[in-house]
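Below, each chain spelled out in residue letters.
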Amino acid sequence: MIRINENYLKLQSSYLFVEIANRVSAYQKEHPDIEIIRLGIGDVTLPLAPACIRAFQDGVLEMASDSTFRGYGPEQGYGFLREKIAFHDYRSLGADIDPDEIFVSDGAKCDTGNIQELFATDIHLAIPDPVYPVYLDTNVMAGRTGDFKNGRYGNIYYLDSLPENNFIPSLPETPVDLIYLCFPNNPTGATISRHHLKKWVDFAHDQKSLILYDAAYEAFIRDPALPRSIFEIEGAREVAIEFRSFSKTAGFTGTRCAYTVVPKTCTAYDGKGRGHKLHGLWNRRQSTKFNGVSYPVQRAAEAAYSDEGKTQVTEMVDYYLKNAALIREEMASLGFEFVGGENSPYIWVNCKRDAWGFFDLLLKKAGVVTTPGPGFGRCGEGFIRISAFNSYKNVERAMARIKDALN
Ligand code: PLP
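Residues numbered from 1 in each chain as written. Predicted model: local features only at pLDDT ≥ 70, side-chain atom pairs only at ≥ 80, totals over all residues. Heavy atoms only, no water.

**Q** Can you walk me through the sheet that holds strand β8 (residues 210-214) in this structure?
**A** Two strands in a sheet stick together by hydrogen bonds in their backbones, pointing the same way (parallel) or opposite ways (antiparallel). The mixed open sheet is built from seven strands, whose spatial order is β2-β10-β9-β8-β7-β3-β6. Of all strands in the sheet, those bounded by a partner on one side alone are β2 (102-105) and β6 (156-160). The mean inter-strand angle of the sheet, taken between neighbouring strand axes irrespective of direction, is 20°. Pairing geometry for β8 and strand β9 (residues 240-245), over four bridges, is parallel. The partner of Tyr213 across the bridge, within β9, is Glu242. Against the sheet, helix α9 (residues 278-289) contacts β2, β8, β9 and β10 (258-261), and its axis sits at roughly 25° relative to β2. (Pairing = 2+ DSSP bridges. Helix = DSSP H or I, 4+ residues; strand = E, 2+ residues; numbered from the N terminus. Axes fitted to C-alpha atoms, helices over the stretch in contact; angles between N-to-C directions. Contact = heavy atoms within 4.5 Å.)

**Q** What is the right way to look at helix α5 (residues 134-141) in this model?
**A** Side chains that are three or four residues apart share a direction in an α-helix, a result of its 3.6 residues per turn. Counting buried residues in α5 gives six out of eight residues, a clear majority hidden from the surface. Looking at the buried positions of α5, the neighbouring elements they touch are α4 (108-114), β3 (125-129), β5 (152-153), β6, β7 (178-182) and β8. Just downstream of α5 lies Gly143, where phi reads positive at about 85°. (Buried < 20%, exposed > 50% of the residue type's maximum accessible area, 1.4 Å probe, protein only.)

**Q** Sorry, what's going on with the site of the ligand here?
**A** As a structural note, the neighbourhood of the ligand is formed by 14 residues, with Asp214, Tyr217, Ser245, Ser247 and Lys248 the closest of them. Contact between the ligand and Lys109: an oxygen atom at 2.9 Å from a main-chain N or O atom of the residue. Between the ligand and the protein, one listed contact pairs an oxygen atom with a side-chain N or O atom of Ser247 at 2.6 Å. Starting from 400 Å² of accessible surface for the ligand in isolation, the protein chains cover 90%. Among the cavities detected, the one that contains the ligand is the largest pocket. (Near = heavy atom within 4 Å. Polar contact = N/O pair within 3.5 Å; in protein donor to acceptor, adjacent residues only side chain to side chain. Areas by Shrake-Rupley, 256 points an atom, 1.4 Å probe, with all protein chains shown as cover. 1 Å grid on protein atoms, 1.4 Å probe; cavity = no way out; pocket = protein on both sides within 12 Å on 5 of 7 lines; lining within 4 Å. Sits in = over half its atoms within 2 Å of the grid points.)

**Q** Help me understand the packing of helix α12 (residues 355-366) against helix α13 (residues 392-406) in this model?
**A** The description of two packed helices rests on the angle between their axes and on the distance between the axes. In contact at an axis separation of 9 Å, α12 and α13 are set at 105° when each is read in the N-to-C sense. Between α12 and α13, the crossing angle belongs to the class labelled roughly perpendicular. In this structure, α12 uses Phe358, Leu361, Leu362, Lys365 and Ala366 to contact α13, whose residues at the interface are Arg401, Ile402, Ala405 and Leu406. Among the residues making up the contact of α12 with α13, the classes are represented as seven nonpolar, no polar and two charged. (Parallel < 35°, antiparallel > 145°, perpendicular 65-115°, else oblique. Nonpolar A, V, L, I, M, F, W, Y, C, P; charged D, E, K, R; others polar.)

**Q** Please clarify how the nonpolar core should be interpreted in this entry.
**A** Soluble globular proteins tend to pack their nonpolar side chains together in the buried interior. If you look at the biggest cluster of nonpolar residues, it comprises 51 residues, and the most contacted ones within it are Ile211 and Phe252. Not counting residues up to four positions away in its chain, the partners in contact with Ile211 are Ile179, Leu181, Trp200, Val201, Ala204, Ile230, Val239, Ala240 and Ile241. Core analysis: the second largest hydrophobic core is formed by 26 residues, Ile123, Val131, Tyr153 and Tyr180 among them. (Core = buried A, V, L, I, M, F, W, Y, C linked by side-chain atoms within 4.5 Å.)

**Q** Would you take a moment to explain the packing of aromatic side chains for this structure?
**A** Two aromatic rings, taken as a pair, are described by how far apart their centres are and by the angle between their planes. Here the structure, examined in full by the defined rule, presents 23 aromatic pairs. Here the aromatic rings of Phe336 and Phe358 are separated by 5.5 Å at their centres, their planes lie at 50°, and the arrangement is tilted. Note that Phe336 is positioned in the loop between α11 (307-333) and β13 (337-340) and Phe358 in helix α12, a separation of 22 residues in sequence. Here the two residues Phe336 and Phe358 agree in accessibility, since each one is buried. Look at Trp348 and Phe383: their rings are 5.3 Å apart centre to centre, the planes differ by 5°, and that puts the pair in the stacked class. Taken together, the residues Trp348 in strand β14 (residues 346-350) and Phe383 in strand β17 (residues 383-387) connect sequence positions 35 residues apart. Here Trp348 and Phe383 have matching classes, each one buried. The aromatic ring of Phe80 is capped on one face by Arg299, whose charged end is 3.6 Å from the ring centroid. (Phe/Tyr/Trp six-rings, centres within 6.5 Å; stacked < 30°, edge-to-face > 60°. Lys NZ or Arg CZ within 6 Å of the ring centre and 35° of its normal.)

Structure below.
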(Lines give C-alpha, C1' and ligand atoms only; values in the text may rest on other atoms or scores of the structure.)
Protein backbone atom coordinates (compact mmCIF):
# COMPACT_ATOMS: atom_id res chain seq x y z
CA MET A 1 0.00 0.00 0.00
CA ILE A 2 1.43 3.32 -1.04
CA ARG A 3 1.54 5.67 1.91
CA ILE A 4 1.91 9.42 2.05
CA ASN A 5 4.34 11.67 3.89
CA GLU A 6 1.96 12.56 6.73
CA ASN A 7 3.87 15.73 7.47
CA TYR A 8 2.00 17.20 4.50
CA LEU A 9 -1.22 16.82 6.48
CA LYS A 10 0.10 19.30 9.04
CA LEU A 11 0.42 22.04 6.42
CA GLN A 12 -2.09 24.87 6.64
CA SER A 13 -3.83 25.52 3.33
CA SER A 14 -2.61 28.65 1.54
CA TYR A 15 -5.73 30.26 2.87
CA LEU A 16 -4.41 33.80 2.43
CA PHE A 17 -4.27 34.18 -1.33
CA VAL A 18 -7.32 31.99 -1.91
CA GLU A 19 -9.31 34.11 0.54
CA ILE A 20 -8.08 37.36 -1.05
CA ALA A 21 -9.02 36.08 -4.52
CA ASN A 22 -12.50 35.03 -3.27
CA ARG A 23 -13.20 38.39 -1.64
CA VAL A 24 -11.95 40.33 -4.68
CA SER A 25 -14.00 38.28 -7.13
CA ALA A 26 -17.16 38.53 -4.99
CA TYR A 27 -16.71 42.32 -4.87
CA GLN A 28 -16.03 42.50 -8.60
CA LYS A 29 -19.19 40.54 -9.37
CA GLU A 30 -21.25 43.05 -7.42
CA HIS A 31 -19.40 46.08 -8.89
CA PRO A 32 -18.33 45.17 -12.43
CA ASP A 33 -17.88 48.86 -13.28
CA ILE A 34 -15.15 49.48 -10.65
CA GLU A 35 -11.56 48.95 -11.74
CA ILE A 36 -9.68 47.19 -8.96
CA ILE A 37 -6.09 48.33 -8.29
CA ARG A 38 -3.85 45.58 -6.96
CA LEU A 39 -1.20 46.57 -4.44
CA GLY A 40 -1.19 43.16 -2.88
CA ILE A 41 1.12 41.12 -5.04
CA GLY A 42 4.86 40.59 -4.84
CA ASP A 43 5.35 40.30 -8.60
CA VAL A 44 7.11 42.88 -10.76
CA THR A 45 5.20 44.77 -13.45
CA LEU A 46 7.91 46.37 -15.65
CA PRO A 47 9.29 44.46 -18.65
CA LEU A 48 12.86 43.09 -18.71
CA ALA A 49 15.65 45.61 -19.27
CA PRO A 50 16.56 46.06 -22.98
CA ALA A 51 20.17 44.94 -22.30
CA CYS A 52 18.87 41.66 -20.80
CA ILE A 53 16.43 41.13 -23.67
CA ARG A 54 19.21 41.57 -26.26
CA ALA A 55 21.50 39.10 -24.48
CA PHE A 56 18.55 36.69 -24.09
CA GLN A 57 17.83 36.87 -27.85
CA ASP A 58 21.53 36.42 -28.74
CA GLY A 59 21.62 33.39 -26.44
CA VAL A 60 18.60 31.87 -28.22
CA LEU A 61 20.24 32.47 -31.62
CA GLU A 62 23.40 30.67 -30.44
CA MET A 63 21.20 27.65 -29.75
CA ALA A 64 20.08 27.73 -33.41
CA SER A 65 23.49 27.04 -34.91
CA ASP A 66 25.64 23.84 -34.98
CA SER A 67 28.78 25.70 -33.99
CA THR A 68 27.34 27.53 -30.98
CA PHE A 69 24.61 25.15 -29.77
CA ARG A 70 24.88 24.10 -26.09
CA GLY A 71 23.32 21.13 -24.34
CA TYR A 72 23.52 20.51 -20.60
CA GLY A 73 25.49 23.23 -18.89
CA PRO A 74 27.27 23.04 -15.54
CA GLU A 75 24.74 22.35 -12.75
CA GLN A 76 26.31 25.18 -10.73
CA GLY A 77 25.92 27.74 -13.51
CA TYR A 78 28.19 28.99 -16.28
CA GLY A 79 31.51 30.54 -15.28
CA PHE A 80 30.71 33.77 -17.15
CA LEU A 81 27.77 34.45 -14.82
CA ARG A 82 29.37 33.23 -11.58
CA GLU A 83 32.38 35.46 -12.19
CA LYS A 84 30.23 38.56 -12.76
CA ILE A 85 28.21 37.82 -9.61
CA ALA A 86 31.32 37.31 -7.47
CA PHE A 87 32.87 40.53 -8.73
CA HIS A 88 29.88 42.90 -8.84
CA ASP A 89 27.78 41.63 -5.92
CA TYR A 90 30.55 40.68 -3.47
CA ARG A 91 34.16 41.67 -4.22
CA SER A 92 33.10 45.25 -4.99
CA LEU A 93 31.59 45.40 -1.46
CA GLY A 94 34.76 44.03 0.06
CA ALA A 95 33.10 40.61 0.62
CA ASP A 96 35.45 37.73 -0.04
CA ILE A 97 33.41 35.39 -2.26
CA ASP A 98 34.83 33.24 -5.08
CA PRO A 99 32.91 32.38 -8.26
CA ASP A 100 32.94 28.69 -7.31
CA GLU A 101 31.10 29.48 -4.06
CA ILE A 102 28.14 30.67 -6.16
CA PHE A 103 25.44 28.23 -7.28
CA VAL A 104 23.18 29.61 -10.01
CA SER A 105 19.59 28.32 -9.87
CA ASP A 106 16.10 28.88 -11.20
CA GLY A 107 14.85 30.66 -8.08
CA ALA A 108 15.43 31.69 -4.51
CA LYS A 109 12.11 29.99 -3.71
CA CYS A 110 13.52 26.59 -4.68
CA ASP A 111 16.85 27.23 -2.99
CA THR A 112 15.42 28.52 0.30
CA GLY A 113 13.02 25.55 0.20
CA ASN A 114 15.59 22.88 -0.74
CA ILE A 115 18.49 23.86 1.51
CA GLN A 116 16.88 22.26 4.59
CA GLU A 117 17.56 18.82 3.04
CA LEU A 118 21.18 19.18 4.19
CA PHE A 119 20.27 19.22 7.88
CA ALA A 120 19.15 16.67 10.45
CA THR A 121 15.45 16.29 11.18
CA ASP A 122 15.78 16.88 14.93
CA ILE A 123 17.53 20.28 14.82
CA HIS A 124 16.06 23.38 16.47
CA LEU A 125 14.79 26.02 14.07
CA ALA A 126 14.38 29.78 14.46
CA ILE A 127 11.98 31.28 11.91
CA PRO A 128 10.71 34.88 11.72
CA ASP A 129 7.08 35.86 12.31
CA PRO A 130 5.75 37.38 10.05
CA VAL A 131 7.52 35.32 7.38
CA TYR A 132 7.87 34.44 3.70
CA PRO A 133 6.02 31.10 4.12
CA VAL A 134 8.49 28.90 2.19
CA TYR A 135 10.94 28.61 5.12
CA LEU A 136 8.26 27.34 7.41
CA ASP A 137 6.32 25.07 5.05
CA THR A 138 9.38 23.23 3.72
CA ASN A 139 10.39 22.37 7.28
CA VAL A 140 6.85 21.20 8.02
CA MET A 141 7.05 18.91 4.97
CA ALA A 142 10.38 17.54 6.19
CA GLY A 143 8.91 16.66 9.59
CA ARG A 144 10.84 19.17 11.72
CA THR A 145 7.78 20.75 13.30
CA GLY A 146 5.03 19.73 15.66
CA ASP A 147 1.32 20.24 15.05
CA PHE A 148 -0.27 23.60 14.25
CA LYS A 149 -2.04 25.11 17.28
CA ASN A 150 -3.13 28.70 17.97
CA GLY A 151 -1.57 29.95 14.75
CA ARG A 152 1.83 28.31 15.32
CA TYR A 153 3.66 25.02 14.70
CA GLY A 154 5.28 23.19 17.58
CA ASN A 155 9.12 22.86 17.77
CA ILE A 156 9.81 26.24 16.16
CA TYR A 157 11.39 29.20 17.90
CA TYR A 158 9.47 32.10 16.40
CA LEU A 159 11.45 35.30 15.90
CA ASP A 160 8.78 37.92 16.55
CA SER A 161 9.09 41.08 14.47
CA LEU A 162 6.97 43.78 16.07
CA PRO A 163 6.94 47.57 16.56
CA GLU A 164 8.51 46.99 20.02
CA ASN A 165 11.73 45.69 18.43
CA ASN A 166 11.55 47.86 15.29
CA PHE A 167 10.74 44.67 13.38
CA ILE A 168 14.26 43.28 14.00
CA PRO A 169 13.90 40.07 16.03
CA SER A 170 15.89 39.66 19.24
CA LEU A 171 18.43 36.86 19.57
CA PRO A 172 16.82 33.57 20.72
CA GLU A 173 16.87 32.83 24.43
CA THR A 174 17.16 29.07 23.94
CA PRO A 175 19.65 27.18 21.74
CA VAL A 176 18.81 27.06 18.02
CA ASP A 177 20.70 25.37 15.20
CA LEU A 178 19.26 26.81 12.00
CA ILE A 179 18.20 30.46 11.74
CA TYR A 180 16.28 32.03 8.87
CA LEU A 181 16.70 35.78 8.35
CA CYS A 182 15.41 37.92 5.47
CA PHE A 183 16.49 41.53 4.85
CA PRO A 184 15.13 43.73 3.35
CA ASN A 185 12.24 41.78 4.78
CA ASN A 186 9.22 40.30 3.10
CA PRO A 187 6.57 41.16 4.30
CA THR A 188 7.60 44.01 6.64
CA GLY A 189 10.10 45.86 4.42
CA ALA A 190 12.35 46.30 7.49
CA THR A 191 16.13 46.42 7.05
CA ILE A 192 18.92 45.37 9.42
CA SER A 193 21.99 47.42 10.38
CA ARG A 194 25.55 46.06 10.24
CA HIS A 195 25.69 46.28 14.03
CA HIS A 196 22.59 44.07 14.45
CA LEU A 197 23.64 41.62 11.77
CA LYS A 198 27.05 41.26 13.45
CA LYS A 199 25.22 40.24 16.65
CA TRP A 200 23.51 37.43 14.74
CA VAL A 201 26.79 36.30 13.17
CA ASP A 202 28.49 36.26 16.59
CA PHE A 203 25.52 34.37 18.06
CA ALA A 204 25.79 31.75 15.28
CA HIS A 205 29.52 31.32 16.05
CA ASP A 206 28.80 30.89 19.78
CA GLN A 207 26.04 28.37 19.16
CA LYS A 208 27.69 26.54 16.21
CA SER A 209 24.49 27.32 14.35
CA LEU A 210 23.90 28.40 10.77
CA ILE A 211 22.16 31.49 9.36
CA LEU A 212 20.19 31.21 6.12
CA TYR A 213 20.15 34.81 4.89
CA ASP A 214 17.56 35.65 2.23
CA ALA A 215 18.61 38.84 0.43
CA ALA A 216 16.15 38.59 -2.48
CA TYR A 217 15.35 42.32 -2.13
CA GLU A 218 18.97 43.52 -1.80
CA ALA A 219 18.69 45.70 -4.91
CA PHE A 220 16.24 47.97 -3.09
CA ILE A 221 18.85 49.02 -0.53
CA ARG A 222 19.76 52.64 -1.20
CA ASP A 223 21.12 53.59 2.23
CA PRO A 224 24.91 53.06 2.03
CA ALA A 225 25.06 52.39 5.78
CA LEU A 226 23.01 49.17 5.39
CA PRO A 227 24.69 45.85 4.59
CA ARG A 228 23.76 44.44 1.16
CA SER A 229 25.17 41.04 1.98
CA ILE A 230 25.74 39.10 5.19
CA PHE A 231 29.25 38.44 3.86
CA GLU A 232 30.12 42.09 4.49
CA ILE A 233 30.06 41.11 8.16
CA GLU A 234 33.22 39.70 9.69
CA GLY A 235 32.95 36.02 10.53
CA ALA A 236 29.90 35.33 8.32
CA ARG A 237 31.80 33.08 5.91
CA GLU A 238 31.85 30.32 8.54
CA VAL A 239 28.21 30.53 9.63
CA ALA A 240 26.02 31.81 6.79
CA ILE A 241 24.53 30.91 3.44
CA GLU A 242 23.03 33.71 1.33
CA PHE A 243 20.21 33.60 -1.20
CA ARG A 244 19.80 36.17 -3.98
CA SER A 245 17.53 36.43 -6.99
CA PHE A 246 17.27 38.29 -10.27
CA SER A 247 13.48 38.26 -9.82
CA LYS A 248 12.99 41.57 -8.03
CA THR A 249 16.41 42.99 -8.98
CA ALA A 250 16.04 42.71 -12.74
CA GLY A 251 12.42 41.65 -13.31
CA PHE A 252 13.16 37.92 -13.78
CA THR A 253 10.09 36.56 -11.93
CA GLY A 254 8.87 34.90 -15.13
CA THR A 255 12.32 34.29 -16.63
CA ARG A 256 13.75 32.50 -13.55
CA CYS A 257 17.31 33.03 -12.39
CA ALA A 258 18.75 33.27 -8.89
CA TYR A 259 21.78 32.13 -6.94
CA THR A 260 22.90 30.80 -3.58
CA VAL A 261 26.28 31.52 -2.01
CA VAL A 262 27.77 28.72 0.07
CA PRO A 263 31.26 29.71 1.26
CA LYS A 264 33.81 26.88 1.37
CA THR A 265 34.44 27.73 5.02
CA CYS A 266 30.83 27.20 6.09
CA THR A 267 30.53 24.19 8.38
CA ALA A 268 27.85 21.95 9.92
CA TYR A 269 28.38 18.95 12.17
CA ASP A 270 27.54 15.24 12.25
CA GLY A 271 26.24 13.29 15.25
CA LYS A 272 29.80 12.80 16.53
CA GLY A 273 30.51 16.55 16.38
CA ARG A 274 32.79 16.32 13.34
CA GLY A 275 32.59 19.33 11.00
CA HIS A 276 31.57 18.99 7.35
CA LYS A 277 31.74 21.65 4.66
CA LEU A 278 28.29 22.61 3.40
CA HIS A 279 29.73 23.65 0.05
CA GLY A 280 30.41 20.03 -0.85
CA LEU A 281 27.00 18.86 0.39
CA TRP A 282 25.07 21.54 -1.54
CA ASN A 283 27.15 20.81 -4.64
CA ARG A 284 26.23 17.13 -4.30
CA ARG A 285 22.55 17.97 -3.79
CA GLN A 286 22.38 20.30 -6.76
CA SER A 287 24.32 18.07 -9.15
CA THR A 288 22.07 15.13 -8.20
CA LYS A 289 18.69 16.88 -8.39
CA PHE A 290 19.16 19.93 -10.63
CA ASN A 291 20.40 20.32 -14.19
CA GLY A 292 21.14 24.02 -14.39
CA VAL A 293 19.47 27.16 -15.69
CA SER A 294 19.06 27.54 -19.45
CA TYR A 295 21.94 29.16 -21.33
CA PRO A 296 19.98 32.13 -22.78
CA VAL A 297 18.59 32.95 -19.32
CA GLN A 298 22.09 32.97 -17.82
CA ARG A 299 23.26 35.26 -20.65
CA ALA A 300 20.29 37.57 -19.91
CA ALA A 301 21.22 37.62 -16.20
CA GLU A 302 24.87 38.33 -17.06
CA ALA A 303 23.74 41.38 -19.07
CA ALA A 304 22.32 42.91 -15.89
CA TYR A 305 25.97 43.48 -14.87
CA SER A 306 27.01 45.34 -18.07
CA ASP A 307 27.24 49.14 -17.77
CA GLU A 308 24.06 49.53 -19.79
CA GLY A 309 22.29 46.72 -17.89
CA LYS A 310 23.25 48.12 -14.50
CA THR A 311 21.83 51.53 -15.42
CA GLN A 312 18.60 49.98 -16.70
CA VAL A 313 17.97 47.68 -13.74
CA THR A 314 18.76 50.51 -11.30
CA GLU A 315 16.15 52.62 -13.09
CA MET A 316 13.59 49.81 -12.69
CA VAL A 317 14.19 49.51 -8.96
CA ASP A 318 14.14 53.32 -8.63
CA TYR A 319 10.74 53.33 -10.31
CA TYR A 320 9.31 50.96 -7.70
CA LEU A 321 11.01 52.92 -4.91
CA LYS A 322 9.31 56.07 -6.18
CA ASN A 323 5.98 54.24 -5.88
CA ALA A 324 6.95 53.15 -2.36
CA ALA A 325 7.83 56.74 -1.40
CA LEU A 326 4.40 57.91 -2.54
CA ILE A 327 2.67 55.16 -0.54
CA ARG A 328 4.69 56.13 2.54
CA GLU A 329 3.90 59.82 2.09
CA GLU A 330 0.16 59.28 1.70
CA MET A 331 -0.14 56.74 4.51
CA ALA A 332 1.79 59.12 6.80
CA SER A 333 -0.53 61.99 5.85
CA LEU A 334 -3.46 59.78 6.91
CA GLY A 335 -1.82 59.29 10.31
CA PHE A 336 -0.71 55.65 9.92
CA GLU A 337 2.45 54.19 11.37
CA PHE A 338 4.41 51.86 9.12
CA VAL A 339 7.81 50.38 8.37
CA GLY A 340 9.50 49.64 5.01
CA GLY A 341 9.31 51.28 1.62
CA GLU A 342 12.63 53.15 1.88
CA ASN A 343 14.98 50.31 1.04
CA SER A 344 12.28 47.84 0.12
CA PRO A 345 9.22 47.51 -2.16
CA TYR A 346 6.92 46.65 0.78
CA ILE A 347 5.23 48.94 3.29
CA TRP A 348 3.95 47.25 6.43
CA VAL A 349 1.15 49.38 7.79
CA ASN A 350 -0.16 49.23 11.34
CA CYS A 351 -3.89 49.51 10.65
CA LYS A 352 -4.73 49.64 14.38
CA ARG A 353 -7.69 47.37 13.84
CA ASP A 354 -8.48 43.91 12.53
CA ALA A 355 -6.35 43.36 9.41
CA TRP A 356 -9.06 41.56 7.41
CA GLY A 357 -11.56 44.29 8.37
CA PHE A 358 -9.16 46.94 7.06
CA PHE A 359 -8.51 44.87 3.92
CA ASP A 360 -12.29 44.74 3.29
CA LEU A 361 -12.66 48.47 3.88
CA LEU A 362 -9.92 49.30 1.34
CA LEU A 363 -11.41 46.85 -1.14
CA LYS A 364 -15.01 47.97 -0.81
CA LYS A 365 -14.54 51.70 -0.34
CA ALA A 366 -11.42 52.28 -2.49
CA GLY A 367 -11.31 49.28 -4.85
CA VAL A 368 -7.70 48.67 -3.73
CA VAL A 369 -6.30 45.21 -2.93
CA THR A 370 -3.63 44.87 -0.22
CA THR A 371 -2.40 41.82 1.71
CA PRO A 372 -3.64 41.22 5.28
CA GLY A 373 -0.74 40.64 7.68
CA PRO A 374 -2.09 37.52 9.47
CA GLY A 375 -1.40 35.55 6.27
CA PHE A 376 2.32 35.86 7.10
CA GLY A 377 2.07 34.78 10.73
CA ARG A 378 0.55 35.60 14.08
CA CYS A 379 2.63 38.79 14.45
CA GLY A 380 0.92 40.08 11.30
CA GLU A 381 -2.35 40.63 13.21
CA GLY A 382 -3.32 44.31 12.88
CA PHE A 383 -1.08 44.95 9.83
CA ILE A 384 -1.46 45.01 6.07
CA ARG A 385 1.29 44.82 3.44
CA ILE A 386 1.14 47.34 0.60
CA SER A 387 3.31 46.49 -2.39
CA ALA A 388 4.97 49.09 -4.65
CA PHE A 389 4.94 46.72 -7.65
CA ASN A 390 2.54 48.53 -9.97
CA SER A 391 2.58 51.56 -12.29
CA TYR A 392 3.13 54.98 -10.72
CA LYS A 393 -0.18 56.08 -12.19
CA ASN A 394 -2.02 53.22 -10.48
CA VAL A 395 -0.30 53.92 -7.17
CA GLU A 396 -1.35 57.58 -7.42
CA ARG A 397 -4.93 56.54 -8.19
CA ALA A 398 -4.97 53.96 -5.41
CA MET A 399 -3.68 56.44 -2.85
CA ALA A 400 -6.19 59.11 -3.91
CA ARG A 401 -9.00 56.57 -3.54
CA ILE A 402 -7.74 55.43 -0.11
CA LYS A 403 -7.62 59.07 1.04
CA ASP A 404 -11.20 59.64 -0.10
CA ALA A 405 -12.34 56.43 1.57
CA LEU A 406 -10.73 57.20 4.93
CA ASN A 407 -11.39 60.95 5.16
N1 PLP B 1 12.61 35.17 -1.03
C2 PLP B 1 11.70 36.10 -0.71
C3 PLP B 1 11.80 36.79 0.60
C4 PLP B 1 10.67 36.43 -1.60
O5 PLP B 1 9.76 37.34 -1.27
C6 PLP B 1 10.60 35.74 -2.84
C7 PLP B 1 9.53 36.02 -3.81
O8 PLP B 1 8.58 36.69 -3.60
C9 PLP B 1 11.56 34.78 -3.11
C10 PLP B 1 12.55 34.51 -2.19
C11 PLP B 1 11.48 33.98 -4.37
O12 PLP B 1 12.28 34.47 -5.38
P13 PLP B 1 12.41 33.71 -6.78
O14 PLP B 1 11.52 34.42 -7.73
O15 PLP B 1 13.87 33.86 -7.12
O16 PLP B 1 12.04 32.28 -6.60
